Amino acid sequence: MSNSSQPRPPIAAKQAHSFTHHGITVTDDYAWLRDANYPEVGDEGILAHLNAENAWFESRMAGQKDRIDALFTEMRARIKEADKSVPQKDGDYLYWIEYEEGAEYKKWWRKPVAGGDDELLLDEVALAEGKEYFRLGAISLSADGKLLAWSVDDNGSERFTARIRVVATGEVLPDVIEGTLSSLVWVAGDKGLVYSLANDNWRTDNARLHWLGRPVSEDVELYHEDDEGFRVGSSLSANEKWLIISTSDHETSEVRLIPADDPLAAPILVRERVDGVEYDVDERDGVLYIHANDTHENFRLASAPLADPGNWTTLITGTDEFYLTGFDLFRDFYVIEGRVRGLDRIELRYYDDPTRIEPIEFPEDSYEAGLADNPEWAVDRLRVSYESMVSPASVYDYHLADKSLELLKVQEIPSGYDASLYETKRLEIIARDGTLVPVSILYRKDRVGAQNGDAGPLHLYGYGAYGIAISPGFSTTRLSLVDRGFAYAIAHIRGGDDMGRAWYKAGKREARENTFNDFVDVARGLCDLGFTAPGRISISGGSAGGELMGAVINSDPGLWGAVVAHVPFVDVLNTMLDESLPLTPGEWPEWGNPIEDKAAFELIRSYSPYDQVKAQDYPPLMVTAGLNDPRVTYWEPAKWVARLRELKTDSNELVLKTNMGAGHGGKSGRFESLTETAEEFAFILWQLGV
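*Asks:* Outline the sheet that holds strand E26 (residues 343–350), listing residues and values.
*Replies:* A sheet is described by the order of its strands in space; here four strands give the open sequence E24-E25-E26-E27, paired in antiparallel fashion. Whereas interior strands pair on both sides, the edge strands pair on one side only; in this sheet they are strand E24 (322–329) and strand E27 (353–359). Direction aside, the axes of adjacent strands within the sheet are offset by 30° on average. Of the strand pairs in this sheet, strand E25 (residues 334–340) and E26 are connected by seven bridges, and their pairing is antiparallel. By the bridge assignment for E26, Gly338 is matched with Arg345.

Structural data, given as structure tokens:
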């Protein structure tokens, strides 16, 4: 085929459009790429443009097919195809999940502790058959173990359909609840199921009770949230006596308790919401335990009598050093989890002796650890998960009697893995304002690099938003870059809560630029340390991490040799101005409200990647989107790529791939999703010439 017959990069039409806020007029000539009937996308012009971009992606990546296939093959070879989790006891049964050879999805099993046949609870393989996309949402077994409730999304829109089946017979009950976006919680002696519906804007502003066997139209709304920025969720207390209904945005929360055996009883409000105060609650023997940031931003643990739930007494004081991220109650003790200098810490505490503190010790200097599935109330051991950038995921039981860790399972890598070939370090790099930014880095010990003056390629990953920490865990796919001479680094930048709540606050709203500056400064610092050089760095991020990608290619395009932005949140100003979009009102505490606040408008506009595209050279860029994505709508990456095509002054690659049958998470299935990772890595290797 001659070059003349090859597809050409799509040039989106410009249709004059502008809007004015706070006396400032903004031009947006690609606004037409948003379908007026969204979430239905049927506009022929829009679909034609997205399909043209997909054709361009396929044509540009066609030369990488062999590389993509090779990457996919080696990534798949690292996955144990026939695999199962370590069984965990819950009452009279042992429960586990299992993948069969070649299966994209898993099966959920149990068997009696006393002995007996294995029993299939849920078959995701069968449920996903014939579907382009499949995602299991909630799964919940009734207290008596006889009924199973589950929910499924089969198009990526994050609207789930809940159903119920009789475990013993496999009979699916006629109860069908459409449009859920929540957990499924059994109450009232397994006669009722509590859930939340997504409203027209994908917001869960409710908690509803469904009585088994009754029409869904008769379901009872237990709670309705009037603040459009808040989301509602439900759960059970650890002792399963209380239905916990929580409502929150990104910085404020409020909790109500209802007896699980009497879900129509009047709720107990633990404490009225106060702006900026977050808390969560559990109960034991008439005492509430409250994890709250009312006295310290790194949270304290308090208690209160159930009869006076707003009267909080401190059990564990909040400190600058220890970031208390959560707690779990058990009958005889409780567990707190948190981070010290960004590293996970798990401690056992005792109700009868506040001075008795038992930390669980781990062997490495940089790792990810936490409580795993521990469903029972009375236990003598705890299930714990552990991994690091060089240590595959491991499952332990921690025995309380002798404070020992028993290794139950290590992630198996069928194609082979020798941890001794790799090294991981935790570095601190000075940002431009003097702040020390942690970096976790992995590389082969035989990597050509600083020791002989030949700086090799490096991949840098970042996120930096919503107080979400990026832990230094293990990844089998990552090895496909590391084994080709890359160092792989995670920048623990401000905006995440890796280093505590202050770290999160230092990267949000008015401090948002810190997130972008930290990422750039980490890259430059890694160059100074000899790990790599400008132009030899590939970077990636998704969603808010895609916003990060957009910001840093605007500010420092020459640093990057290849960039991958997954479902990137790049049209920040337009999205935050549109309160009809699914997430916008709930996002204002994170980004600011540009509708009401001129300063927020000007700040967001100053960094919003789409608004800051300019005539300059840009690095090679691969962008992904999901047509059904309710979180980052498809038109954000489409508009961004259109504006980049219009203004960029280079001839570097720019490709956009829109999944026409998926949402925010891309393709579903454990192997299908590897295809997209293989495409990403092939693009990076191609552009860096590795």
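*Asks:* Can you lay out the packing of helix H6 (residues 513–528) against helix H7 (residues 544–555) for me, pointing to particular residues and giving the numbers?
*Replies:* Working note: a packed helix pair is described by the angle between its axes plus the distance between those axes. The geometry of H6 relative to H7 is characterised by a closest axis approach of 10 Å and an angle of 65° between their N-to-C directions. As far as their axial angle goes, H7 and H6 are roughly perpendicular. The interaxial crossing formed by H6 with H7 has right-handed handedness. In this structure, H6 uses Thr515, Phe516, Phe519 and Val520 to contact H7, whose residues at the interface are Glu547, Leu548, Met549, Ala551, Val552 and Ser555. Looking at the contact of H6 with H7 residue by residue, the classes come out as seven nonpolar, two polar and one charged.

*Asks:* Could you give an account of the pattern of salt bridges, naming the residues involved and the relevant values?
*Replies:* Counted by the stated rule, this structure contains 49 salt bridges. Of the charged contacts, one joins Asp83 and Lys409 as a salt bridge, the two residues approaching to 2.9 Å between their closest N and O atoms. Highlighted residues: Asp83 in strand E3 (residues 83–84) and Lys409 in strand E31 (residues 404–410), separated in sequence by 326 residues. Overall, Lys409 belongs to the partly exposed group, its relative accessible area being 24%. Notably, a salt bridge pairs Asp433 with Arg494, separated by 2.9 Å at the nearest N-O pair. Note that Asp433 is positioned in the loop between strand E32 (422–430) and strand E33 (436–444) and Arg494 in the loop between strand E35 (487–491) and helix H5 (501–505), a separation of 61 residues in sequence. The class of Asp433 is partly exposed, set by a relative accessible area of 45%.

*Asks:* With reference to specific residues and values, describe the nonpolar core.
*Replies:* The biggest cluster of nonpolar side chains holds 111 residues, and the ones touching the most others in it are Leu460, Phe519, Leu526, Trp560 and Trp640. Among the elements that line this core, the one with the most residues is helix H12 (residues 672–688), at eight residues. Formed by 18 residues, the second largest nonpolar core is a distinct cluster that contains Phe330, Phe333, Leu348 and Leu382.

*Asks:* Could you give an account of the pairing of E31, naming the residues involved and the relevant values?
*Replies:* Relative to E31, strand E30 (residues 394–399) runs antiparallel, the two sharing six bridges. What sits directly across from Tyr396, in E31, is Leu407. Hairpin connection, E30 to E31: the antiparallel pair is bridged by four residues, and Lys403 has positive phi, about 55°.

*Asks:* Mind laying out the environment of Ser59, listing which residues take part and the relevant values?
*Replies:* Tracing the backbone shows Ser59 in helix H1 (residues 44–61). A residue is classified by how much of its surface remains accessible, and Ser59, at 18% relative accessible area, is buried. Residues Ser59 and Pro9, 50 residues apart in the sequence, show an inter-C-alpha distance of 9.7 Å. At a separation of 2.9 Å, a polar atom in the side chain of Ser59 contacts the main-chain carbonyl oxygen of Trp56.

*Asks:* Describe the environment of Leu421, and please don't skip the residues or the numbers.
*Replies:* Within the secondary structure, Leu421 is located in the loop between E31 and E32. With relative accessibility at 34%, the residue Leu421 sits in the partly exposed group. Remark: the alpha-carbon pair of Leu421 and Asp483, spanning 62 residues in sequence, is separated by 9.9 Å. Those residues in contact with Leu421 that sit more than four places away from it in its chain are Tyr443, Arg444 and Lys445.

*Asks:* Outline the packing of H1 against H12, listing residues and values.
*Replies:* The interhelical angle for the contact between H1 and H12, taken along N-to-C directions, is 55°, at an axis separation of 12 Å. Comparing their axes, H12 and H1 come out oblique. By crossing handedness, the relation of H1 to H12 is classed as left-handed. Across the interface between the two elements, Phe57, Arg60 and Met61 from H1 touch Glu679, Ala682, Phe683 and Trp686 from H12. The residue makeup of the contact of H1 with H12, split by class, is five nonpolar, no polar and two charged.

*Asks:* Could you give me a rundown of the sheet that holds strand E11 (residues 172–180), with the residues and numbers involved?
*Replies:* Spatially, E8-E9-E10-E11 is the arrangement adopted by the four strands of the open sheet, whose pairing is antiparallel. Either end of the sheet is taken by a strand with one partner, and the two such strands are strand E8 (135–141) and E11. The mean angle between the axes of side-by-side strands here comes to 20°, regardless of whether they run parallel or antiparallel. In terms of strand pairing, strand E9 (residues 147–153) meets strand E10 (residues 160–166) through six bridges, oriented antiparallel. Note that in E10 the partner of Val152 across the bridge is Thr161.

*Asks:* Can you lay out helix H11 (residues 635–647) for me, pointing to particular residues and giving the numbers?
*Replies:* With 13 residues, H11 extends 18 Å from end C-alpha to end C-alpha; this agrees with the ideal 18 Å at 1.5 Å per step. Most of H11 is tucked away, with eleven of its 13 residues classed as buried.

Calculation notes
Residues numbered from 1 in each chain as written. Predicted model: local features only at pLDDT ≥ 70, side-chain atom pairs only at ≥ 80, totals over all residues. Heavy atoms only, no water. Pairing = 2+ DSSP bridges. Helix = DSSP H or I, 4+ residues; strand = E, 2+ residues; numbered from the N terminus. Axes fitted to C-alpha atoms, helices over the stretch in contact; angles between N-to-C directions. Parallel < 35°, antiparallel > 145°, perpendicular 65-115°, else oblique. Left-handed = near helix turned anticlockwise from the far one by under 90°. Contact = heavy atoms within 4.5 Å. Nonpolar A, V, L, I, M, F, W, Y, C, P; charged D, E, K, R; others polar. Salt bridge = Lys/Arg side-chain N within 4 Å of Asp/Glu carboxyl O. Buried < 20%, exposed > 50% of the residue type's maximum accessible area, 1.4 Å probe, protein only. Core = buried A, V, L, I, M, F, W, Y, C linked by side-chain atoms within 4.5 Å. Polar contact = N/O pair within 3.5 Å; in protein donor to acceptor, adjacent residues only side chain to side chain. Expected span 1.5 Å × (residues − 1).

From the geometry alone we can't say anything about function, so treat these as descriptive.
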